[in-house]
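Working through the structure, step by step
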Amino acid sequence: MPNTFVALDVPTSSNGAGAPVSVATTGHPKSLVAAGRITGRYVVEGSNDGGETWDILKDDNDGTEALFTSENTGAKSVDCVIERVRVRSVRALPTTAPPTLTLGAPPALGPNFFGKLQVPEAAGLGAPLDLGLTVGPLKTFILRGAVPPRARFTILASMDGVRFDEAMLFTSDRQGARSVSVMCRYLRVQRSGAAGIAPSISVGAEPVVEAAGGGGSPAVGPALLSLAFDPKRGVTSVGEEVLYEYAVPLRSLPSRRLVAELCAIAESGGDEGSVLFRVRVGGTLRAADGAEVAALATAGVPAVRVGTGDPFDRPDEPATLVKITGVNAGAMLAGFFLSFRAAE
């Protein structure tokens, strides 16, 4: 897909919003360029919930805000995943020839994800939002609504839906459309402090599917789908044990032949070179069965290891069980990255 360049609708009134433009199929970052005479303030806002709530785009890396004034007219770049954008004029002089604002962005690597989080009206936790298996690390959150001075809204992220850690914090003076890079499958909101009407919090996230023609080792093509998990897990029983299990839409991948590659931090007191972990496809839920498509061998102290399997036929079912199993009691695995690549 080509890059996107679009002239945004700039209001001619003193205070108002222009027509929204969909940028749901674009990637990141978003570049903004203003030209012409600027009076007052022109704010570029984003929405991730179909246009119900809007807030100014902000880059959390360097603090750049999508705000243009007569003294702040340079090109701006904001790293974000946004469904829609629009321009709002604030105390500008009415004019029939407003300044121009142009947005440029690369294509998304696949379908972006957009959704809303449940926000509690009193101190406590909202329901988890399942992002699925095709969401990448960059996520843009938009909070809109009244935030009591003593209220805090913490975005929590989780790989397994059980253990959650803080990814972002919103307070009365820390709002806007803000982005963070965090790999997770589940999100939820924790409210603390003052109770009251719940604001709206929405999220946009990039996909994990890479564009064709990307990197990859000489033996295989680009990564088509990846899974990652950070917390450590170990084998506790004698024999092979399921450590991680996912339902993965392998049938949707464009290649009919796939190669699995497991990269991980692994350790064990076993013999050097002994197989400790396997990647299996198919089989029975919560059982250490299915076809072995990759294996990881290691021993001794923790070390970074890579295991690449032989090519296998892409499954035909809509979702396929993908498991990482541990073979030897005491073996530990952490920080793994499992990718499925096109066999060349």
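Residues numbered from 1 in each chain as written. Predicted model: local features only at pLDDT ≥ 70, side-chain atom pairs only at ≥ 80, totals over all residues. Heavy atoms only, no water.

Turning to the packing of aromatic side chains, a few remarks are in order. All chains considered together, the criterion is met by two aromatic pairs. For the pair Y244 and F336, a centre-to-centre distance of 4.7 Å together with 70° between the ring planes defines the contact as edge-to-face. Taken together, the residues Y244 in strand β22 (residues 241–248) and F336 in strand β29 (residues 332–343) connect sequence positions 92 residues apart. Side by side, Y244 and F336 carry an identical accessibility label, which is buried. Where F312 meets F340, the ring centres are 6.4 Å apart and the plane angle is 75°; that geometry is what we call edge-to-face. Of the two residues, F312 sits in strand β27 (residues 312–313) while F340 sits in strand β29, which places them 28 residues apart along the sequence. When the ring centre of F68 is taken as origin, the NZ or CZ atom of K76, which lies over that ring, is 5.1 Å away. (Phe/Tyr/Trp six-rings, centres within 6.5 Å; stacked < 30°, edge-to-face > 60°. Helix = DSSP H or I, 4+ residues; strand = E, 2+ residues; numbered from the N terminus. Buried < 20%, exposed > 50% of the residue type's maximum accessible area, 1.4 Å probe, protein only. Lys NZ or Arg CZ within 6 Å of the ring centre and 35° of its normal.)

This part takes up the sheet that holds strand β8 (residues 76–78). With antiparallel pairing, the four strands of this open sheet are ordered in space as β1-β10-β4-β8. Strand pairing shows two members of the sheet lacking a second neighbour, β1 (4–8) and β8, which therefore form its edges. Taken pair by pair, the neighbouring strands of this sheet meet at an average axis angle of 20°, ignoring direction. Bridging between strand β4 (residues 30–35) and β8 involves three bridges; their strand directions are antiparallel. When the bridges of β8 are listed, K30 appears paired with V78. (Pairing = 2+ DSSP bridges. Axes fitted to C-alpha atoms, helices over the stretch in contact; angles between N-to-C directions.)

Take empty space enclosed by the protein next. Scanning all chains against the criterion turns up one cavity of 30 Å³ or more. The computed volume of the largest cavity comes to approximately 140 Å³. For the largest cavity, the full set of lining residues is G132, L133, V135, M159, M183, C184, R185, S226, L227, A228 and Y246. It is strand β20 (residues 220–229) that contributes the most residues to the lining of the largest cavity, three residues altogether. (1 Å grid on protein atoms, 1.4 Å probe; cavity = no way out; pocket = protein on both sides within 12 Å on 5 of 7 lines; lining within 4 Å. Points joined across faces, edges and corners; volume = space filled by probe spheres on them.)

Looking at the element boundaries, P207 is found in strand β19 (residues 200–207). Of the residues examined, P207 reaches a relative accessible area of 6% and is grouped as buried. Spatially, the C-alpha atoms of P207 and N112 are 5.5 Å apart, while their sequence positions differ by 95 residues. With residues near it in sequence (within four places) discarded, P207 still touches L109, G110, P111, N112, T134, V135 and G136. (Contact = heavy atoms within 4.5 Å.)

Right, let's talk about the sheet that holds strand β17 (residues 176–181) for a bit. Pairing is antiparallel across the open sheet formed by four strands, whose spatial order is β11-β19-β14-β17. For this open sheet the edge positions go to β11 (113–117) and β17, each flanked by a neighbour on one side alone. On average, each strand axis in the sheet is tilted by 25° relative to the strand beside it, whichever way the strands run. Where strand β14 (residues 135–144) and β17 come together, six bridges link them in antiparallel fashion. Paired with I142 across the two strands is A177, which belongs to β17.

Before going further, it helps to spend a moment on the pattern of salt bridges. Scanning the model with the defined rule gives 13 salt bridges in all. Residue E45 is joined to R86 by a salt bridge in which the shortest nitrogen-to-oxygen separation is 2.8 Å. Highlighted residues: E45 in strand β5 (residues 41–47) and R86 in strand β9 (residues 84–90), separated in sequence by 41 residues. We note that E45, like R86, is buried. Across the salt bridge formed by R163 and D160, the nearest N and O atoms sit 2.6 Å from each other. (Salt bridge = Lys/Arg side-chain N within 4 Å of Asp/Glu carboxyl O.)

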